[in-house]
Structure formats: C-alpha cells, structure tokens
Amino acid sequence: MAINIAILGFGTVGSGVAETLDVNKDVIAKRVGEEILVKHILDIRDFPESRFAGLVTHNAEDVFTDKDIKIAVETIGGAKIAYEFTKRALSSGISVVTSNKELVSTKGPELIKIAQENGCCYLFEAAVGGGIPIIRPLYKCLAANKITRIAGIVNGTTNYILSQMKDEGLDFDTALKQAQANGFAEANPSADIDGIDAQRKLSILSTIANDGEYIAPDLISAEGISKISVADMEFAASIGCEIKLIALYECGEDKPVCYVAPTMVDKSNLLYNVKDVFNAVMVDGNSLGRAMFYGQGAGTLPTASAVCGDVLEAAMGNPSESRAWTSESVDITPYDEIVADIVIRVDNAANVTVKGYACVYLSEEAILINGIKHKDIEAVMTETGAKSWMHYLK
Ligand code: HSE
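Residues numbered from 1 in each chain as written. Predicted model: local features only at pLDDT ≥ 70, side-chain atom pairs only at ≥ 80, totals over all residues. Heavy atoms only, no water.

**What to know about the pairing of strand 12 (residues 289-296)**
This is how it is decided: Two strands qualify as a pair provided that DSSP identifies no fewer than 2 bridges between them. Numbering of helices and strands starts at the N terminus; helices are DSSP runs of H or I of at least 4 residues and strands are runs of E of at least 2.
The pairing of strand 11 (residues 278-285) with strand 12 spans 8 bridges and is antiparallel. Bridging from a neighbouring strand, M282 pairs with M292 of strand 12. Between strand 11 and strand 12, which pair antiparallel in sequence order, lie 3 residues.

Pasting the structure below:
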C-alpha cells in the first residue's frame, strides 16, 4: 500500500518536494508506515530534463478524477488558479499542503473551513519562514501560552539586500540587482521589497497568535526598504544597530498591533545577527518567555522540507492546523494609534529636548524616544528639526 499524492505546480518548491520525497523515501515510509508516492505532477510546462518528467500532466482532470489521490501539494503560488484548485481538492476530501502565503493569508478562513467540512486538512507550515518550523510550534508546542509578541525577519530577499548594503556598502539598486543575479529576488521584486510578502506572512502568524481571529493582510501597514540609503545603514551602525525589515505582532491592550517596517535593531537583540537570506521569528509567550526560530527562509529544499513535513502530517491523519479562523477579519490597532519606540536623527542631540517623552541620547546625532504614538511623530520631527526617524527594537 502507498499514499498517492499530486504536486500542483512544479517550480522551485514543487520540484524540491518531489526530490525530497524521493531521496528520503525509505525514512519517510518507516515514519508514516506506508510509502508516499508522487502519482501526478500538474503543470502547464514540460520538464524533459527532469527524472520526474513521466509524471507530468497538463490536464487537471487527471488529478481531480483520480480517486487514489489523498493529498495535493499546491506550489503554484498566487491566489487565482491555486485558489480554484485548492477549493476543488478540499471539497473532494483531498488534503492540501502549501507554501503559498498569498493564498493562505487572503483565503485561509474559507479554505480551512472547507477542509473541516470535508474531513481533510489544509496545512501551510512552509508559508512562513520557509524551512523553519513556526506554524506547528505556535499551534502545538506553545498552545498553552498567550502569545504576547512576535518579531520576525520573514523575507529573505530584503534581508539579503540589507546585509549587502551594510557589509559591502552597496546602494539599494545595486544590492537588488545582485540579489536578482543570484536568484534570490524575483524578476519583479515588488512583493519582497515593498514589504507585501512580509505583510502576508505576518497576517498568518498574527492570526494564529490571535487564536484564529483572522487578521487580513490588507489591514496591516507595510513599509518596504527601497528608501533605505547607505547613509541610513551607516547611521544605524554608529549607534550599534542594523536596519532589518521587521514584521511585528503584539497582542495589544485593546486590539492587536501589527505592522511591517524597516527597523533599527540593537546589537543586543538576537535578530541583529540574522544575516543574508536567513529568516528568524522571535516569539514571546506569557509562560514561555522568549524563543527564537531561525533558519533558511526560502529556497528549494528548505521550503520543500516544510511542505513534506506537512505531507507526512496529512498522511498520518493528524490535521492539527485545521483549527478554524474567523471568516471576517477582526480590527487591529490603527497605525496612527500604535505606540512605538523610535530613533530620530538630529544635527546636534545635545541641543535638542523632546518634551513629554522618555528619551535616551544615543549619540551626537541620535535620540531614542520611547513610547511615542505614530500620529505624534510628525509634530516631534517638526519641533526638534529631526532629519529622519525609524522604528527601534532592543
Ligand atoms: N520571496 C520570499 C523571500 C520567498 O524572499 O523570503 C520565500 O517566501
């Protein structure tokens, strides 16, 4: 006996899934108790060079009319055809596992519900942090905690670009071109550099931390990294910080706080040392204290590792992630009302007083303002003649 699966989309991740299931087939069969076999690969392209070429079909009916298929791996990406195929599979009782953060973050409530109604599961460990285990730890290992905060570097492309700017002194455009040449950034890198990819991943993490009360990605303020200059990197270094694109969730007193923004991360913070394409997610729980999940946030085999873990979970009939998400998004704290720590850059800090706030004078040019509402930042900038400001994380 074997458990037959189909891979929908044979790109970077889908091909890694076939590879991983094949290379590790013996240990996987031992763990599951049955072999897991890829029976169909659905893609519009042919892959004559691939050793899996014989499994490729261009006809979705080959997958959806095959009663042997128990699990579909959706590695198509996007929220159009992937959405249709996922709904169709789940409605037929076929479990779906995916790395598709766009689809999970925008349609998760509906797709999880369809899975529950049809006795199958919709699993998405690979949608956040690539190969890093974070979804299942939040759902299972940390289930007894109230999650008070998540601070993550969840986009490898931007982390690579920022590392190149810092370490090699490259400007943003050159670092981006280098990331594209090295295959890290997409030809159209907008979702990465504008913070949209991180926004989607934060939506997923925040919803889980918020007990399945769905937080839609488009509610989350996202600022990207394209305006960061080499001078900004040098200024950050002068006060012992590095600029990282941080996705932040806090449970909040009233409503959750979520945003994505370039942030000066102090060297005392573990996220400071997360370089290049690596990702890390730092989780604070009220019993746990703090834990950090670190590793390869993208790439063929690391992401396939997480997808295949979900395939095994589905094969063993243990759909822990199919806990419901609310169908409508809950409100989050409006961006203007968020209280944050920021650093302002001034000409001569000794001559500047910031009235009404707890401040730390970090250098001749840098003042840390603790606990300022976003909506009050503009007034403080005007009052102090500050040249710029940025979020700060210690
Ligand atoms: N574009 C994403 C990144 C891929 O750079 O992190 C993994 O989700």
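**Some details on the sheet that holds strand 5 (residues 95-98)**
Spatial strand order, 3-2-1-4-5-6: 6 strands in an open sheet with parallel pairing. In the strand order of this sheet, the two ends are held by strand 3 (56-57) and strand 6 (122-123), each with one partner. Both strand 1 (residues 2-8) and strand 4 (residues 69-74) contribute to a ladder of 5 bridges, which runs parallel. Residue pairing in the sheet places I5 in a bridge with I71 of strand 4.

**Brief notes about the site of the ligand**
Convention followed: We call a residue near a molecule or strand when any one of its heavy atoms sits within 4 Å of it. Think of a polar contact as two N or O atoms within 3.5 Å of one another; within protein, one of them needs to be a possible hydrogen donor and the other a possible acceptor, and neighboring residues in sequence only count if both atoms come from side chains. Only the protein chains shown count as covering a residue, and every accessible area follows the Shrake-Rupley method with a 1.4 Å probe. Each residue is assigned to one of three groups, with Ala, Val, Leu, Ile, Met, Phe, Trp, Tyr, Cys and Pro labelled nonpolar, Asp, Glu, Lys and Arg labelled charged, and all others, Gly among them, labelled polar.
The immediate surroundings of the ligand are formed by K101, N155, G156, T157, D192, D197, K201, G297 and A298. At 2.6 Å, a side-chain N or O of T157 approaches an oxygen atom of the ligand. Here D192 contributes a side-chain N or O atom positioned 2.8 Å from a nitrogen atom of the ligand. Its free accessible area being 260 Å², the ligand has 84% of it covered by the protein chains. Sorting the residues of the shell around the ligand by element identifies helix 7 (156-168) and helix 10 (196-209) as the ones contributing at least two each. Residue classes in the shell around the ligand are distributed as 1 nonpolar, 4 polar and 4 charged.

**Re the side chain of E74**
Put simply, the rule reads: Working definition: with a 1.4 Å probe on protein chains only, accessible area under 20% of the residue-type maximum means buried, over 50% means exposed, and in between means partly exposed. Under this rule, positive means Lys or Arg and negative means Asp or Glu; His and the chain ends count for nothing. Take a side-chain nitrogen of Lys or Arg and a carboxyl oxygen of Asp or Glu: if they are within 4 Å of each other, that pair is a salt bridge.
Tracing the backbone through its elements, the reader meets E74 in strand 4. Here E74 occupies a buried position and makes no salt bridge, while the nearest side chain of opposite charge, K101, is found at 10 Å. Within the structure, the side chain of E74 is placed 3.0 Å from the backbone nitrogen of G77, a separation counted as a polar contact. Side chain to side chain, E74 and N100 meet in a polar contact 3.2 Å long.

**Let's talk about the nonpolar core**
Going by this rule: Only buried residues count toward a nonpolar core. Its members are Ala, Val, Leu, Ile, Met, Phe, Trp, Tyr and Cys residues joined through side-chain atoms within 4.5 Å.
Ranked by internal contacts, the top residues of the largest apolar core, which has 83 residues, are Y122, F124 and M264. Of all hydrophobic cores here, the second largest spans 29 residues; its members include I7, I28, A126 and C308.

**With respect to helix 4 (residues 81-91)**
Note the cut-off: Note: the arc covers the axis-to-C-beta directions of the helix.
Taken together, the buried positions of helix 4 are occupied by A82, Y83, F85, T86, A89 and L90. Buried positions in helix 4, seen along its axis, are confined to an arc of 170° and lie on one side of it. G93 sits one or two positions beyond helix 4 and adopts a positive phi of about 80°.

**A word on the pattern of salt bridges**
Per the stated rule, a full pass over the model turns up 24 salt bridges. Two residues, D66 and K39, come together in a salt bridge whose shortest N-O distance is 2.8 Å. Remark: K39 occurs in strand 2 (residues 35-42) and D66 occurs in the loop between helix 3 (60-64) and strand 4; sequence separation between them is 27 residues. When its relative accessible area of 29% is taken as the criterion, K39 is described as partly exposed. In this structure, E117 engages K113 in a salt bridge whose closest nitrogen and oxygen atoms are separated by 3.2 Å. Note that E117 and K113 are positioned in helix 5 (residues 101-117) at a spacing of 4 residues, about one turn of the helix. By relative accessible area, which is 55% here, E117 ends up exposed. What makes K113 partly exposed here is its relative accessible area of 48%. What emerges from the salt-bridge pattern is a single network uniting E19, D22, K25 and R51.

**Description of the state of the cysteines**
Under the convention used in this document: Count a disulfide wherever a pair of cysteine sulfur atoms falls within 2.5 Å.
Inspection of every chain in the model, using the stated rule, returns 0 disulfides. The thiol of C258 is unpaired, and the distance to the nearest cysteine sulfur, on C251, comes to 11 Å. C258 sits in the buried class, given a relative accessible area of 2%. Looking at the unpaired C308, the closest cysteine sulfur is the one in C121, lying at 15 Å. Note on C308: relative accessible area 4%, which makes it buried.

**As for unusual backbone geometry**
Even without being a glycine, D211 presents a positive backbone phi close to 60°. In this fold, D211 is placed in the loop between helix 10 and strand 8 (221-222). Using a relative accessible area of 70% as the deciding quantity, one classes D211 as exposed. Positive phi values are uncommon outside glycine, yet D276 reaches one of about 55°. Inspection of the secondary structure assignment puts D276 in the loop between strand 10 (257-266) and strand 11.

**Remarks on helix 5**
Here is the rule we go by: Expected helix span is taken as 1.5 Å per residue step, with the number of steps being one fewer than the number of residues. The angle separating two fitted axes, one through the seven residues that finish at a residue and one through the seven that start at it, defines the bend at that residue. Residue contacts are defined here by distance: any two heavy atoms, one from each residue, within 4.5 Å place the two residues in contact.
Taking 1.5 Å as the rise per residue, helix 5 with 17 residues should run 24 Å; its terminal C-alpha atoms sit 22 Å apart, in good agreement. If you look at helix 5, its biggest bend is around 85°, right at K107, and the proline P109 turns up within four residues after that. Listed in full, the buried residues belonging to helix 5 are L103, V104, S105, G108, P109, L111, I112, I114 and A115. Summarising the contacts, the buried residues of helix 5 are in contact with strand 4, helix 4, strand 5, strand 6 and helix 10. Where helix 5 starts, the residue carrying a side-chain oxygen 3.2 Å from the main-chain nitrogen of E102 turns out to be N100. G119 lies just past helix 5 and shows a positive phi near 65°.

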